[in-house]
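Fold and geometry: a report
The chain contents come next:
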Amino acid sequence: MPRQPMTCQFDLFSAPQRGKTAGTPQWPELPEETRHALTVLIVRLFVDHAKCGHASQQKEAGHDA
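Note that this is a predicted model, so its numbers are computed, not measured.

What follows concerns the overall build of the protein chain. Helix and strand content of the protein chain: one helix and zero strands. Every one of the 65 residues in the protein chain was classed for burial, and the buried ones make up 2%. Entry remark: accessible area of the protein chain is about 6,700 Å², with carbon and sulfur atoms responsible for 61%.

Let us look at the pattern of salt bridges. All chains considered together, the criterion is met by one salt bridge. Note that Arg 35 and Glu 32 form a salt bridge whose closest N and O atoms lie 2.6 Å from each other. One end of the pair, Arg 35, and the other, Glu 32, are both in helix H1 (residues 32-64), three residues apart, so they sit about a helical turn from each other.

Take Trp 27: it is sitting in the segment before H1. Classification of Trp 27 as partly exposed rests on a relative accessible area of 42%. In this structure, Trp 27 is in contact with Arg 35, Leu 38 and Thr 39, ignoring residues within four places of it in sequence.

As for its position among the elements, Leu 38 is in helix H1. By relative accessible area, Leu 38 is classed as partly exposed at 33%. Other than its neighbours up to four places away in sequence, Leu 38 contacts Trp 27 and Leu 30.

The rules behind these values
- Residues numbered from 1 in each chain as written.
- Predicted model: local features only at pLDDT ≥ 70, side-chain atom pairs only at ≥ 80, totals over all residues.
- Heavy atoms only, no water.
- Helix = DSSP H or I, 4+ residues; strand = E, 2+ residues; numbered from the N terminus.
- Buried < 20%, exposed > 50% of the residue type's maximum accessible area, 1.4 Å probe, protein only.
- Areas by Shrake-Rupley, 256 points an atom, 1.4 Å probe, with all protein chains shown as cover.
- Salt bridge = Lys/Arg side-chain N within 4 Å of Asp/Glu carboxyl O.
- Contact = heavy atoms within 4.5 Å.

See below:
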C-alpha cells in the first residue's frame, strides 16, 4: 500500500537553501520586537519543558519509596 504524503516541516538546523523555501525570512531580517517576542517564547518553552521533566522525575522517585 503506498504511503500517504506527509506535511513538510521546516528544517531549522541545516544551512539555509536559497530559493527552496520561499517567504521564510532570515533571523536578522525580522523586526527587533518580533525577534524579542520569539526569544521570550522560546525561553519560556525551554523552561516549561525543563520544569515538566523535573516534575516527572520527582513523581517517579516518589513511587520507589
